[in-house]
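Residue-level structure breakdown
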Amino acid sequence: KKIAKIHDHYLKYIALEPTLFTLNHRFSYRLLHEQNDEVMSSSFDRIAEGVFNMLVHNNFLPVFRYQKEDSTGYLADKLNQKFQDYFSSSAVEMSGRILTKINFLLLDRNVDLTSLISHTWKYQPMVHDLLGINLNRVHVPISS
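Note on numbering: residues in each chain are counted from 1, in written sequence order. For this predicted model, a pLDDT threshold of at least 70 governs which residues receive local features, and a threshold of 80 or more governs which side-chain atom pairs are given and counted, while totals over whole chains, interfaces and linings are taken from all residues. Hydrogen atoms and water are omitted, and side-chain values are computed over all heavy atoms in the structure.

Some points on the side chain of His25
Going by this rule: Elements are defined by DSSP. Helices are runs of H or I of four residues or more, strands are runs of E of two residues or more, and each kind is numbered from the N terminus. Nitrogen and oxygen atoms within 3.5 Å of one another constitute a polar contact, given that in protein one can donate a hydrogen and the other can accept it, and given that sequence-neighbouring residues count only through two side-chain atoms. By definition, residues are in contact when any of their heavy atoms lie within 4.5 Å.
Topologically, His25 is positioned in the loop between strand E2 (20-22) and helix H1 (28-32). Polar side-chain contacts of His25 include one of 3.3 Å to the side chain of Arg46. Not counting chain neighbours up to four residues away, the residues in contact with His25 comprise Arg46 and Ile47.

Okay, here's the thing in structure tokens:
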């Protein structure tokens, strides 16, 4: 048999559950609020790359919703540019692919302060905020 194409994909996200993924960026909140523009810009690039890969891998065509006044507008612009480059590239083969149009909401945690102290009725967000979840594992410190 003949090999027609080889695709090498470096996915920049980790799927923990069917509807939950992580970019696995440590200290991302702190890095996004650095005074150093180069560090902040590279952090936004990594986040945009990870979110873009997740959306393309799952055949989603997003419509981004965000507030233009905060950092989510910057991230949405980066993602829009990635999608424009992706669809304008001649290497993209769309035959047989069905894209699902979705609304993708981008929120800045600085604007929504209640999300920092409140949790949903599920334990996973609370455990993630209080103890930290890394690759679907929780490290519980034991005091002696």
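Quick notes on the packing of aromatic side chains
Formally: For Phe, Tyr and Trp, where Trp contributes only its six-membered ring, two rings pair if their centres lie within 6.5 Å, and the inter-plane angle classes them as stacked under 30 degrees, edge-to-face over 60, or tilted in between. Any residue under 20% of the maximum accessible area for its type is buried, any over 50% is exposed, and the rest in between are partly exposed; the area is computed with a 1.4 Å probe on protein chains only.
Under the counting rule described, the total for this entry stands at 8 aromatic pairs. Ring geometry for Phe64 versus Phe104: centroids 5.8 Å apart, planes at 80°, classification edge-to-face. Placement of Phe64 in strand E3 (residues 60-65) and of Phe104 in strand E4 (residues 100-105) is noted, with a sequence separation of 40 residues between them. The residues Phe64 and Phe104 share a single accessibility class, namely buried.

Describing the pattern of salt bridges
Put simply, the rule is: For this analysis, a salt bridge means a side-chain nitrogen from Lys or Arg found within 4 Å of a carboxyl oxygen belonging to Asp or Glu.
In this structure the tally under the stated criterion is 2 salt bridges. For Glu49, the salt bridge goes to Lys82, with nearest N and O atoms at 2.7 Å. You can see Glu49 sitting in helix H2 (residues 37-57) and its partner Lys82 sitting in helix H3 (residues 71-88), a full 33 residues away along the chain. The class of Glu49 is partly exposed, set by a relative accessible area of 24%.

Quick notes on unusual backbone geometry
Backbone geometry places Asn24, a non-glycine residue, at a positive phi of 55°. Its location among the elements puts Asn24 in the loop between E2 and H1. The phi dihedral of Asn59 is positive, around 60°, even though this residue is not glycine. As for its placement among the helices and strands, Asn59 is situated in the loop between H2 and E3.

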